[in-house]
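# Architecture and fold: a report
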There are 4 protein chains.
Amino acid sequence: MYRGLKLKPPLFEIGLKGYIYGNQALELAKEADRISEKYDIGIIFDPQYVDIPLIARETRNIFVFSQHMDSVEVGRGLGSVLPEALKNAGAVGTLLNHAERRITLTEISKAIKRADEVGLATLVCADSPEEAAAVAQLKPNMILAEPPDLIGSSSAVGKEFIEKTMALVKSIDPEIIVFNSAGIKTAEDVRNVIMLGAEATGSTSGILKAKDPYSVMEEMVKALKEGWLEIHPE
Amino acid sequence: MYRGLKLKPPLFEIGLKGYIYGNQALELAKEADRISEKYDIGIIFDPQYVDIPLIARETRNIFVFSQHMDSVEVGRGLGSVLPEALKNAGAVGTLLNHAERRITLTEISKAIKRADEVGLATLVCADSPEEAAAVAQLKPNMILAEPPDLIGSSSAVGKEFIEKTMALVKSIDPEIIVFNSAGIKTAEDVRNVIMLGAEATGSTSGILKAKDPYSVMEEMVKALKEGWLEIHPE
Amino acid sequence: MYRGLKLKPPLFEIGLKGYIYGNQALELAKEADRISEKYDIGIIFDPQYVDIPLIARETRNIFVFSQHMDSVEVGRGLGSVLPEALKNAGAVGTLLNHAERRITLTEISKAIKRADEVGLATLVCADSPEEAAAVAQLKPNMILAEPPDLIGSSSAVGKEFIEKTMALVKSIDPEIIVFNSAGIKTAEDVRNVIMLGAEATGSTSGILKAKDPYSVMEEMVKALKEGWLEIHPE
Amino acid sequence: MYRGLKLKPPLFEIGLKGYIYGNQALELAKEADRISEKYDIGIIFDPQYVDIPLIARETRNIFVFSQHMDSVEVGRGLGSVLPEALKNAGAVGTLLNHAERRITLTEISKAIKRADEVGLATLVCADSPEEAAAVAQLKPNMILAEPPDLIGSSSAVGKEFIEKTMALVKSIDPEIIVFNSAGIKTAEDVRNVIMLGAEATGSTSGILKAKDPYSVMEEMVKALKEGWLEIHPE
């Protein structure tokens, strides 16, 4: 667990995957940056590798993450995503083990160690509460648990899944922040997931396939904040 | 085979792998750019993904390639290297199927098609003359044949391997440019490979682990040119 | 190309995948054995690994193939399918690179070499005519070309696909036998594929999900023979 | 965790990998069977897939395991190792995630669930104490923790590694049996590992590359029993 980055719930994640890139990604990043500041909500934003440097330079509030990273050391490993190169490019963290980019247990373990070493936060994906518990033993900063059959669908993740994930992960390490995503298409879905106990959530296709991605993104972040304050009154 | 990029032998390839990144990679790129112009030799330069945009912007002569690319379409595919994003970032081509990043036959085939579609040249690696012939059927721009046990070693690839690769690939498609690398540590190795009939070659550790990478790189490119002119007098 | 096994078109392949195993697989194998003899048609039958020894012992006419094989040598490689162990268990060949079990180009190349060495025939899958041509350069005994989106579907592979595959493969090596499958659900589909020029075909779900697999299998083999004799009158 | 198989420490595992197969594997299995009975020590014996049926039939005491298993359901999945087929062939369990056959975290999780469903015990490999703890969350029957750089070497796993693995795994689930292997070449190595607190161990190359594998195997099992009784007097 890398401690050099201030990450506190509630958080929101926008995984661009390969939906947008270049200028379109930069513009969305700037808007996310404005929204992050306006609502004082941490937003994890993960663009294509080649877009990391410019987006990192042009934003101040969002957390620019890589979509994947390899555990390779400086040296060989053609085609790999080198931790040091990511850090140098301005990334502050990385996703690992997403359903569209599975890695072995050993690689998850090594990549978390490399991220800690280099100074990058880790958000590791898991399919089930049990997998989330397994990942928790490897001490990432955050875990994103989502039932894979709901990714990209219109059914949001449910109560039992969220509660079980929270209970298992927190009993292993209460510092690990738990995301629950999958099927988050509207601000209402965001609110529901938070009301069910998640500390963070996110959306890809819900935002990127929307007619007006900027307003959907803002509504979601607003719903995240309101839902959070409702159950965690200050 | 993408026809929008002028690639003519002899060529030289510098695969950075994960040896250097950031400013160090940029400085080497600028030097490669100067050498490419000075000797009028095409240099393929493949840095870490995140370093592509800046290097592409700051150089005029070298061919900035990606170390790998996926065949994904715009949309899903978290963690993938999207062809459109590479092109937009300034890359003009991509390596595929290096011994340190093997892909399936189907993925090689699809990635070449995607590269053609998006406008990126392809340099596909093969372990043996027979594999080079197999790859030639898929119409890449270039094939890099190297015996994997010699990669990073100090024994350079031999005469029979080079001749067989040339004969097989050229009989399938004479337009495909053939690289022979592996074990290229000195300017003398470069010269030998060219004298044995290769159209192009390259080096990673020979340059990056040298005391003075700039002068080794320049000597290699100079040897490439001299060897080439000796057997292809104008 | 292993020359120790007499394989001549037309051929039929039944890939059990994981649909049936144990006694049910043995009974289907015995029936395939009877049909192979009755119609004098070579049938390639590929059961689960653990079912190979008994099926090989209990049949005389069918060609018992493995569904996959690794290129490992005798020694390390826990979890791999060792060529020597397959041969010893009675298998006479192996499938390689099926759409449900893709391998790298290098692994295809090495596995064919190992099969030749150990004495096993190879049937290598390809997605497209171009991939089939690529595979042909590696000298397998047989190539199974099928468009992956048709596998398990009810649309059979078409005329252009078959003709292009045949032309490309035969121009590289006329000894390689070409299968065209995908979407073969009925005896009529078998006949059509043969009339379109394929030398061999096969079916999995068309047989295994049928109400009466035995009679569907027999009808298919009969249609294969009749179609073949119609266009190759003796 | 499958409860239908009586597994109690101390246990010994012989992973044949691809060192031997066929008759040679059967003869070693019979000898292991005799030794298992003589010393009343459970021996896990994992041969090539194709050798499972005969070895399972010809032995009474050893636990015949598969070297790997996929989480596929009955149906598609050409080339996969189907759980139901293994069970039917006489296997009583399976190894998963060995250093030579890594699988994703998700696949480990699913394969354990499938094994429980079908009635097969699971022995899951891990590289480090932390990975062993991660695996423990997924409730396998047994965990085999070994530092990968020691596999096949002549340096046996050390005290700190064993103690940490035991402490972590047992705090999660005391029923999970912990193996510590890697670098076990002699009966003395076996004894040492047990004296350091492991509940089980094993050897591949220590036995299979020995001049007299049978006597090395017997000495190791004898040392296992004596070491165990010394620290767990009845």
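Residues numbered from 1 in each chain as written. Chains lettered and ligands numbered in written order. Predicted model: local features only at pLDDT ≥ 70, side-chain atom pairs only at ≥ 80, totals over all residues. Heavy atoms only, no water.

## Section: the pattern of salt bridges
Overall, the coordinates contain 72 salt bridges over all chains when judged by the stated rule. In this structure, the salt-bridge partner of B:Arg3 is B:Glu175, at a minimum N-O distance of 2.8 Å. Separated by 172 residues along the polypeptide, B:Arg3 in the segment before strand S1 (11-15) and B:Glu175 in the loop between helix H6 (159-172) and strand S7 (177-180) bring together distant segments of the chain. As a salt-bridge pair, C:Glu199 and C:Lys170 come within 2.9 Å of each other at their nearest N and O atoms. Taken together, the positions of C:Glu199 in the loop between helix H7 (187-195) and strand S8 (200-202) and C:Lys170 in helix H6 (residues 159-172) put the pair 29 residues apart, joining distant regions of the chain. On the basis of relative accessibility, which here comes to 11%, the residue C:Glu199 falls in the buried class. Several salt bridges converge on common partners, so that one network encompasses A:Glu31, A:Arg34, A:Lys38 and A:Glu218. (Salt bridge = Lys/Arg side-chain N within 4 Å of Asp/Glu carboxyl O. Helix = DSSP H or I, 4+ residues; strand = E, 2+ residues; numbered from the N terminus. Buried < 20%, exposed > 50% of the residue type's maximum accessible area, 1.4 Å probe, protein only.)

## A few points about the environment of C:Glu27
Here C:Glu27 shows up in helix H1 (residues 22-39). Take C:Glu27: its relative accessible area is 33%, and that puts it in the partly exposed class.

## Description of the arrangement of the chains
The two units chain A and chain C never meet; even their closest C-alpha atoms stay 16 Å apart. Chain D makes no contact with chain B, the minimum C-alpha separation between the two being 16 Å. (Contact = heavy atoms within 4.5 Å.)

## Focus: the interface of chain D and chain C
Size of an interface: often given as the accessible area lost when the parts come together. Every contact between the two is made by 34 residues of chain D and, on the other side, 34 residues of chain C. Of the roughly 3,000 Å² buried at the junction of chain D and chain C (both faces included), carbon and sulfur atoms supply 59%. Taken as a group, D:Val50, D:Arg76 and D:Leu78 account for 25% of the area that chain D buries against chain C, more than any other trio of residues on that side. On inspection of chain D and its partner chain C, the count reaches 18 residue pairs in polar contact (both at pLDDT 80 or more). (Buried area = accessible area lost by both parts, 1.4 Å probe. Polar contact = N/O pair within 3.5 Å; in protein donor to acceptor, adjacent residues only side chain to side chain.)

## Side note on the relation of the copies chain D and chain C
Of the transformation superimposing chain D on chain C, the axial component is 0.0 Å and the angular component is 180°, with the fit at an RMSD of 0.0 Å. The transformation relating the two chain copies, once decomposed into turn and shift, fits a two-fold axis. Using C-alpha coordinates, one finds that chain D approaches the rotation axis most closely at D:Val50, a distance of 2.3 Å. (Least-squares fit on C-alpha atoms with pLDDT ≥ 70 in both.)

## Examining the interface of chain A and chain B
Counting residues at the interface gives 34 residues for chain A, matched by 34 residues for chain B. Summing both partners gives a buried area of about 3,000 Å² for chain A against chain B, and 59% of it is carried by carbon and sulfur. Taken together, chain A and chain B are joined by two salt bridges. The partner of A:Glu100 in a salt bridge is B:Arg76, with the nearest N and O atoms 2.9 Å apart. Joining chain A to chain B, the criterion identifies 18 residue pairs in polar contact (both at pLDDT 80 or more). Breaking the side of chain A that touches chain B down by element, the ones donating at least two residues are helix H1 (22-39), helix H2 (52-58) and helix H3 (83-89) of chain A. Here the element with the most residues in the side of chain A that touches chain B is H3(A); it accounts for five residues. Classifying every residue of the side of chain A that touches chain B gives 15 nonpolar, twelve polar and seven charged. (Nonpolar A, V, L, I, M, F, W, Y, C, P; charged D, E, K, R; others polar.)

## Details of the relation of the copies chain A and chain B
Of the two same-sequence chains, chain A is brought onto chain B (RMSD 0.0 Å, axial shift 0.0 Å) by a rotation of 180°. Most of the interface of chain A is mirrored in chain B: 100% of its interface residues are interface residues there too.

## Considering the packing of aromatic side chains
Applying the stated criterion across every chain, the model contains two aromatic pairs over all chains. Taken together, a centroid distance of 5.2 Å and an interplanar angle of 20° make the contact between A:Tyr49 and B:Tyr49 stacked. Of the two residues, A:Tyr49 is situated in the loop between strand S2 (42-46) and H2 and B:Tyr49 in the loop between strand S2 (42-46) and helix H2 (52-58); the pairing between them involves two chains. As far as the burial class goes, A:Tyr49 and B:Tyr49 line up, both buried. (Phe/Tyr/Trp six-rings, centres within 6.5 Å; stacked < 30°, edge-to-face > 60°.)

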